[in-house]
Amino acid sequence: MNGGDPQGWSAVASGWAELWGGFAEPVWRAVVDASGAGPGTVVLDVGCGSGDLLAHLDKLGTSTAGIDPATGMVELARTRVPNTDLRVGSAEHLPWPDASFDLVTSINALQFADDTLDALAEMARVVKPGGYIAISNWAEDDRNDLNTIENAVARAAGEEPLPDGDLRLPGGLQQLLADGQLDVVSSGLIDVPWAAADDNDLVSAVLLGEDPSAIEAEAPTVVEAARPFRTRSGSYHLNNAFRYALGRPRG
Ligand SMILES: C[S@@+](CC[C@H](N)C(=O)[O-])C[C@H]1O[C@@H](n2cnc3c(N)ncnc32)[C@H](O)[C@@H]1O
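Conventions and cut-offs
Residues numbered from 1 in each chain as written. Predicted model: local features only at pLDDT ≥ 70, side-chain atom pairs only at ≥ 80, totals over all residues. Heavy atoms only, no water. Near = heavy atom within 4 Å. Polar contact = N/O pair within 3.5 Å; in protein donor to acceptor, adjacent residues only side chain to side chain. Areas by Shrake-Rupley, 256 points an atom, 1.4 Å probe, with all protein chains shown as cover. Nonpolar A, V, L, I, M, F, W, Y, C, P; charged D, E, K, R; others polar. Axes fitted to C-alpha atoms, helices over the stretch in contact; angles between N-to-C directions. Helix = DSSP H or I, 4+ residues; strand = E, 2+ residues; numbered from the N terminus. Parallel < 35°, antiparallel > 145°, perpendicular 65-115°, else oblique. Left-handed = near helix turned anticlockwise from the far one by under 90°. Contact = heavy atoms within 4.5 Å. Phe/Tyr/Trp six-rings, centres within 6.5 Å; stacked < 30°, edge-to-face > 60°. Buried < 20%, exposed > 50% of the residue type's maximum accessible area, 1.4 Å probe, protein only. Pairing = 2+ DSSP bridges. Right-handed = clockwise from strand over helix to strand, strands pointing away.

Visitor: Describe in detail the site of the ligand, supporting the description with residues and values.
Guide: Lining the immediate environment of the ligand, one finds 18 residues, of which W16, G47, D68, A91 and I107 sit closest. Between a nitrogen atom of the ligand and a main-chain N or O atom of I107, the distance comes to 2.8 Å. For the ligand, whose free accessible area comes to 600 Å², the fraction covered by protein is 95%. Of the residues in the shell around the ligand, the class split is 11 nonpolar, five polar and two charged.

Visitor: Hey, could you go over the packing of helix α3 (residues 25-35) against helix α4 (residues 52-59) for me, with residue numbers and the actual values?
Guide: At a minimum axis separation of 11 Å, α3 and α4 run at an interaxial angle of 45 degrees. If you check the angle between α3 and α4, you find them oblique. α3 and α4 meet at a crossing whose hand is right-handed. Contact with α3, carried on its side by E25, W28, R29 and V32, involves D52, L53, H56 and L57 of α4 and no other residues of that element.

Visitor: Hey, could you go over the packing of aromatic side chains for me, with residue numbers and the actual values?
Guide: Evaluated as defined, the whole model comprises 10 aromatic pairs. Between the aromatic rings of W16 and W20, the centroid separation amounts to 6.2 Å while the plane-to-plane angle is 25 degrees, which identifies the pairing as stacked. Overall, the relative accessible area of 16% leaves W16 in the buried class. Look at F23 and F242: their rings are 5.6 Å apart centre to centre, the planes differ by 80 degrees, and that puts the pair in the edge-to-face class. A residue pair is termed long-range when its members are at least 10 positions apart, and F23 in the loop between α2 (13-19) and α3 and F242 in strand β9 (residues 241-249) qualify at 219 residues. Taken together, the aromatic side chains of W9, W16, W20, F23, F112, W138, W194 and F242 make up a single cluster linked through ring pairs.

Visitor: Explain the pairing of strand β3 (residues 85-88) to me, using residue names and the numbers behind them.
Guide: When a strand is regular, its side chains alternate between the sheet's two faces. Note: strand β2 (residues 63-68) against β3, four bridges, orientation parallel. Counted as the bridge partner of A65 is D85 from β3. The handedness of the β2 to β3 crossover, carried by helix α5 (residues 71-80), is right-handed.

Visitor: Quick one: what's the story with the sheet that holds strand β6 (residues 182-191), residue by residue and with numbers?
Guide: If you trace the seven strands from one edge of the open sheet to the other, you get β3-β2-β1-β4-β5-β9-β6, paired in mixed fashion. Strands at the two margins of the open sheet, each flanked by one partner only, are β3 and β6. Adjacent strand axes in the sheet meet at a mean angle of 15 degrees when their direction is disregarded. Across nine bridges, β6 lies against β9 in antiparallel orientation. When the bridges of β9 are listed, V184 appears paired with G247.

Visitor: Explain the side chain of N144 to me, using residue names and the numbers behind them.
Guide: Considering the arrangement of structural elements, one finds N144 in the loop between β5 (127-138) and α7 (145-156). If near-sequence neighbours (up to four positions away) are discounted, N144 is found in contact with W138, A139, R168, N239, N240 and A241.

Visitor: Which residues make up the packing of helix α6 (residues 116-126) against helix α8 (residues 172-179), and what are the values?
Guide: Two elements in contact, α6 and α8, have axes whose closest approach is 10 Å; the angle formed by their N-to-C orientations is 65 degrees. Comparing their axes, α8 and α6 come out roughly perpendicular. Both α6 and α8 take part in a crossing whose hand is right-handed. Taking contact as the criterion, the partners of T116, L117 and L120 in α6 are, on α8, L176, L177 and D179. Per-class residue counts for the contact of α6 with α8 are four nonpolar, one polar and one charged.

Visitor: Go over the side chain of T105, please, and point to the residues and values.
Guide: Following the sequence through the fold, T105 ends up in strand β4 (residues 101-107). For T105, a relative accessible area of 1% gives the class buried. In this structure the side chain of T105 is engaged in a polar contact, spanning 2.7 Å, whose partner is the side chain of D45. Those residues in contact with T105 that sit more than four places away from it in its chain are V31, V43, L44, D45, V46, L53, M123 and A134.

In structure tokens form, the structure reads like this:
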């Protein structure tokens, strides 16, 4: 699936929520700790997907807003956080006035923007003076068991695995913040483990968004490549990592 395609994300909204939606929770906790978000903090989540981070923030007593270009994702998020100001739209055009939020987050989403610096500039525009921007993304390939599986699928299809994007490399998120005229306040590498109950969940999650014939053809490769991560009970445990960086507009 093309990560910048809203229709593709809409089609997999419920599958994303079920299989992946909550797995970045260690990152959410790091961002909340680093920013001090709590009751009364006004937060916008950009590329909010199925609303999992928003639900987490809602429980902490923050005031939340979210935006995502995938209508299906936003509709699902509305059922989970009905009191949140949820809009359909992209990071590059945020429909809120300047200086609206104490914290603007984007977790595993900014890499899909057509222009990450434009998107970051929009995020900086809507943050209040002294507020924070938190961005996070998968760490580089060799820290992620998921990539071992995805790379096996690519090779089986005769393709070379894609190289790491800049945002995944050590220092990549900090460089983006600096390029966007933000001071880096904190950053970190966070373990983000992921588990699948059985072969079926594993294949559904790894091949989310693929058409049924591709899933049928690629499933044996997925199961074979995931063998090192299989537990005795037949479930799977994958070790992965995300990086995050928290920034503050200069001035
Ligand atoms: C991998 S999902 C992550 C969703 C959520 N942030 C999470 O961590 O569960 C990526 C999300 O980014 C959204 N997205 C794609 N392009 C975007 C853009 N230009 N601006 C904002 N969000 C975008 C997709 O629609 C999708 O919901």
